[in-house]
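Now for the letters of each chain:
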Amino acid sequence: LTVLFSGSVPILLKNCFKLVFQFDFSVRFFEKVTKLIAFDVEDRMDLINQPLLMIAGEKADTLYMTKDAFDKASGTENKELFMIEGASHIRTYWVPEYVDKAVEKIKTFFAKNL
């Protein structure tokens with residue numbers, strides 16, 4: 001872009017272009033974030049047509065969501081919801097006892113289905 005004006009006009013134009021770009025970026029970013037927030041995997045659970053293993057902590061606050069998603073996975077007969085006794089959602093990631101149970105379940109599931 002070449003501007004053939006003198007004085008503060010080029011700076012003004014430059015700032016206008018910057019504001020337009022920032023606004024356009026902000027609008028596009030907001031639209032993408034809105035779509036991401038609105039995405040709900042439960043709406044597509046019926047598309048799963050492969051063996052399905054879902055693992056959840058028995059005391060997870062989010063357990064109801066896991067159960068709802070599991071029920072909606074109607075595209076496969078080979079599905080299993082494995083509950084880790086005594087575990088909350090977050091503890092399934094870092095408490096060795098719960099991690100070990102999840103890993104063992106994954107091993108047997110893969111051995112059976114791969």
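Quick look at the structure, then.

Parameters and conventions
- Residues numbered from 1 in each chain as written.
- Predicted model: local features only at pLDDT ≥ 70, side-chain atom pairs only at ≥ 80, totals over all residues.
- Heavy atoms only, no water.
- Salt bridge = Lys/Arg side-chain N within 4 Å of Asp/Glu carboxyl O.
- Helix = DSSP H or I, 4+ residues; strand = E, 2+ residues; numbered from the N terminus.
- Buried < 20%, exposed > 50% of the residue type's maximum accessible area, 1.4 Å probe, protein only.
- Core = buried A, V, L, I, M, F, W, Y, C linked by side-chain atoms within 4.5 Å.
- Contact = heavy atoms within 4.5 Å.
- Expected span 1.5 Å × (residues − 1).
- Arc of directions from axis to C-beta.
- Patch = residues over 30% accessible without salt bridge, like charges linked within 9 Å, V, L, I, M, F, W, Y side chains within 5 Å.
- Areas by Shrake-Rupley, 256 points an atom, 1.4 Å probe, with all protein chains shown as cover.
- Pairing = 2+ DSSP bridges.
- Right-handed = clockwise from strand over helix to strand, strands pointing away.

Quick look at the pattern of salt bridges now. All told, the structure shown has four salt bridges when counted by the stated rule. The salt bridge partner of Lys-105 is Glu-80, with a shortest N-O separation of 2.6 Å. Residue Lys-105 is found in helix H4 (residues 96–113), and its partner Glu-80 is found in strand E2 (residues 79–84); the two are separated by 25 residues along the sequence. The class for Lys-105 is buried, based on a relative accessible area of 16%. The partner of Lys-101 in a salt bridge is Glu-97, and the shortest N-O contact between them spans 3.6 Å. Of this pair, Lys-101 and Glu-97 both sit in helix H4, separated by four residues, roughly a single helical turn. Under the relative-accessibility criterion, Glu-97 is labelled partly exposed at 44%.

As a further point, take the nonpolar core. With six residues, the main nonpolar core is built from Met-45, Leu-52, Met-54, Ala-69, Phe-70 and Ala-73. Once residues within four sequence positions are removed from consideration, Leu-52 is found in contact with Met-45, Ala-73, Thr-76, Asn-78, Lys-79, Glu-80 and Phe-109. The next biggest cluster of nonpolar side chains, apart from the first, holds five residues, and it includes Ile-84, Ala-87, Tyr-98 and Ala-102.

We now examine H4. Taking 1.5 Å of rise per residue, the 18 residues of H4 would be expected to cover 26 Å, and the 25 Å separating its terminal C-alpha atoms lies within 8% of that figure. Those residues of H4 not exposed but buried are Tyr-98, Ala-102, Lys-105 and Phe-109. Projected down its long axis, H4 shows its buried positions confined to an angular sector of 65°, all on one face. In H4, those exposed residues whose orientation departs by more than 90 degrees from the buried face are Pro-96 and Ala-111. For H4, the elements touching its buried residues are strand E1 (52–57), E2 and helix H3 (91–94).

Side chains of Ile-55, Ile-106, Phe-110 and Leu-114 sit close together on the surface and give an oily, nonpolar patch of about 390 Å² of accessible area. Looking at where Phe-110 falls in the secondary structure, it is placed in helix H4. We classify Phe-110 as partly exposed; its relative accessible area is 44%.

Our focus in this paragraph is the environment of Ser-74. On the secondary structure map, Ser-74 appears in the loop between helix H2 (63–72) and E2. If we skip the residues at most four places from it in the chain, Ser-74 touches Met-45 and Asp-46.

Time to look at the pairing of E1. Judged by how many residues are buried, E1 sits mostly within the fold: five of six residues are covered. With six bridges connecting them, E1 and E2 associate as parallel partners. Each residue of the ladder has a partner; that of Leu-52, found in E2, is Lys-79. As a crossover connection, the stretch from E1 through H2 into E2 is right-handed.

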